[in-house]
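Here is what each chain is made of, one letter per residue.
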Amino acid sequence: MSVLVLVEHTDGNIKKKSFEAVQYAAEIAKQTNTTATALVLGTIADNELESLGNYGAQKVLHVADDRLNDLHARAYVSALIAAAQKEGSKIIVMLHDINGKAVAPRVAIKLKAGMVAGALSYPDLAKGFVIKKAVYSGKAFAFVNITSDVKVITVMANSFPLVQGDGKAAVEKLNVTFGDKDFGIKVKEVNKVTGEVSLADAELVVSGGRGMKGPENWGLIEDLAKELGAATACSRPVADAGWRPHHEHVGQTGGTIRPNLYIAVGISGAIQHLAGVNGSKVIVVINKDPEAPFFKAANYGVVGDALEILPRLTEAVKKF
Ligand code: FAD
């Protein structure tokens, strides 16, 4: 028996957040006295696969079919079920991202499994199999006990600090017989990057709202982001007004990010915006209104005019 974890990669490079999922699975394996097996789909080099041992995977099953380089949800489900059967896996872990959201519920239905989407904690085995997750757009937490025999978990990225070891996983090829319909619908991942850093993977984010007054001032956001090596983001009205592209919009109807640092400039802090960013480790708010709701969610706050503060902040960062 083994805890099975689906690992994602882009063009053969394993995504950093997948290491977190592997570490998560390995920790459960440790607690339940089993092993962790990673499942990797598509074209990828063996040394990249072996490196999953650094995060606790003892074994890697590799389905080397290049059609799996893009998300084909049905094919992914077939591969996961084949791998789970081979390994006798009762616990299946994935990331809580576009792939995990498309695949995990289908796997759960097929295997009659209970599921937690967006795990923020390891299971509390003393209480059953209780996992913490956010509900109501991050306003509250739920503690969900999975009581079914088979369990499916999607893990919220950037929730578990990575600790790199020096293990080496054993790689084994897995042949899966796919059905005609498995490749019917393909979802191509297009990672749009406006600045130099992709928002989805960014550890630092500088984000602007309507308080920036207009697109002509966005150079100030970009300058600070560049100095910090951060990605840029924005509130929804900013994207709606066409000041910034829509893929930068974060919140309830936009992207959900969990960077280590989120700098919100001229953003009021409406609940719909917070829903996408309140998992950030540290939040810094720059707003001219001391009563702006965002200050309640902030670790650090600066009250003042963003157009004056941003250049000074960028200069200060340059000196470091
Ligand atoms: P505003 O609310 O106009 O706030 C501007 C802020 O800038 C103010 O706090 C002001 O004090 C400050 N400011 C002004 N001038 C300066 C200056 N010179 N220096 C510093 N500060 C200054 N919003 C999202 O962001 N993401 C979503 O996903 C989202 N989804 C939504 C879904 C629904 C169903 C609904 C109803 C709304 C949604 N919204 C979303 C909109 C949300 O409710 C807010 O209207 C929006 O977040 C406000 O954007 P803002 O803070 O940029 O603008």
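Residues numbered from 1 in each chain as written. Predicted model: local features only at pLDDT ≥ 70, side-chain atom pairs only at ≥ 80, totals over all residues. Heavy atoms only, no water.

An unreviewed UniProt entry lists the chain under the name Electron transfer flavoprotein alpha subunit apoprotein, with Mucilaginibacter mallensis given as the organism. Check the Sequence similarities (unreviewed entry) section of the UniProt entry for the chain; it says "Belongs to the ETF alpha-subunit/FixB family." (UniProt positions renumbered as here; feature names shortened; annotations may be inferred.)

Peer 1: Would you explain the UniProt feature "binding site: FAD" (unreviewed entry) in the chain in this entry?
Peer 2: Under the feature "binding site: FAD" (unreviewed entry), the UniProt entry names Arg210, Ser235, Arg236, Gly266, Ile267, Ser268, Gly269, Ala270, Ile271, Gln272, His273 and Asn287. By the element assignment, Gly269 lies in the loop between β14 (261-265) and α7 (271-277). With near-sequence residues (within four places) excluded, Gly269 lies in contact with Leu274, Pro293 and Phe294. Take His273: it is sitting in helix α7. A relative accessible area of 7% means that His273 is categorised as buried. When neighbours within four sequence positions are excluded, His273 is seen to be in contact with Ser207, Cys234, Ser235, Val250, Gly251, Tyr262, Ile267 and Phe294. (Helix = DSSP H or I, 4+ residues; strand = E, 2+ residues; numbered from the N terminus. Contact = heavy atoms within 4.5 Å. Buried < 20%, exposed > 50% of the residue type's maximum accessible area, 1.4 Å probe, protein only.)

Peer 1: What's the story with the UniProt feature "domain: Electron transfer flavoprotein alpha/beta-subunit N-terminal" (unreviewed entry) in the chain in this structure? I'm lost.
Peer 2: Within the UniProt annotation, "domain: Electron transfer flavoprotein alpha/beta-subunit N-terminal" (unreviewed entry) is assigned to residues 3-187. Taken end to end, residues 3-187 is 26% helix and 29% strand, and its first and last C-alpha atoms sit 27 Å apart.

Peer 1: What should I look at first to understand the pattern of salt bridges in this one?
Peer 2: Two side chains carrying opposite charge are able to pair once their charged atoms lie near each other. According to the stated counting rule, one finds 17 salt bridges in the structure shown. Note that Glu87 is salt-bridged to Lys86, the shortest N-O span being 3.8 Å. Judged by its relative accessible area of 11%, Glu87 is buried. Given the relative accessible area of 41%, Lys86 is considered partly exposed. Between Arg244 and Glu222 there is a salt bridge whose closest N-O contact spans 3.3 Å. Highlighted residues: Arg244 in the loop between α6 (236-240) and β14 and Glu222 in helix α5 (residues 218-228), separated in sequence by 22 residues. On the basis of relative accessibility, which here comes to 11%, the residue Arg244 falls in the buried class. According to the relative accessible area criterion, Glu222 is partly exposed, its value standing at 36%. Connected via shared salt-bridge partners are Lys59, Lys86, Glu87 and Glu172. (Salt bridge = Lys/Arg side-chain N within 4 Å of Asp/Glu carboxyl O.)

Peer 1: Could you clarify how one ought to interpret the packing of α5 against helix α9 (residues 306-318) in this entry?
Peer 2: Contact pair α5 / α9: the axes reach a minimum separation of 9 Å and the direction vectors enclose 20°. Considered as vectors, α5 and α9 are oriented roughly parallel to each other. Viewed along their axes, α5 and α9 form a crossing whose handedness is left-handed. Contact with α5, carried on its side by Leu220, Ile221, Asp223, Leu224, Glu227 and Leu228, involves Leu307, Leu310, Pro311, Leu313, Thr314, Val317 and Lys318 of α9 and no other residues of that element. Classifying every residue of the contact of α5 with α9 gives nine nonpolar, one polar and three charged. (Axes fitted to C-alpha atoms, helices over the stretch in contact; angles between N-to-C directions. Parallel < 35°, antiparallel > 145°, perpendicular 65-115°, else oblique. Left-handed = near helix turned anticlockwise from the far one by under 90°. Nonpolar A, V, L, I, M, F, W, Y, C, P; charged D, E, K, R; others polar.)

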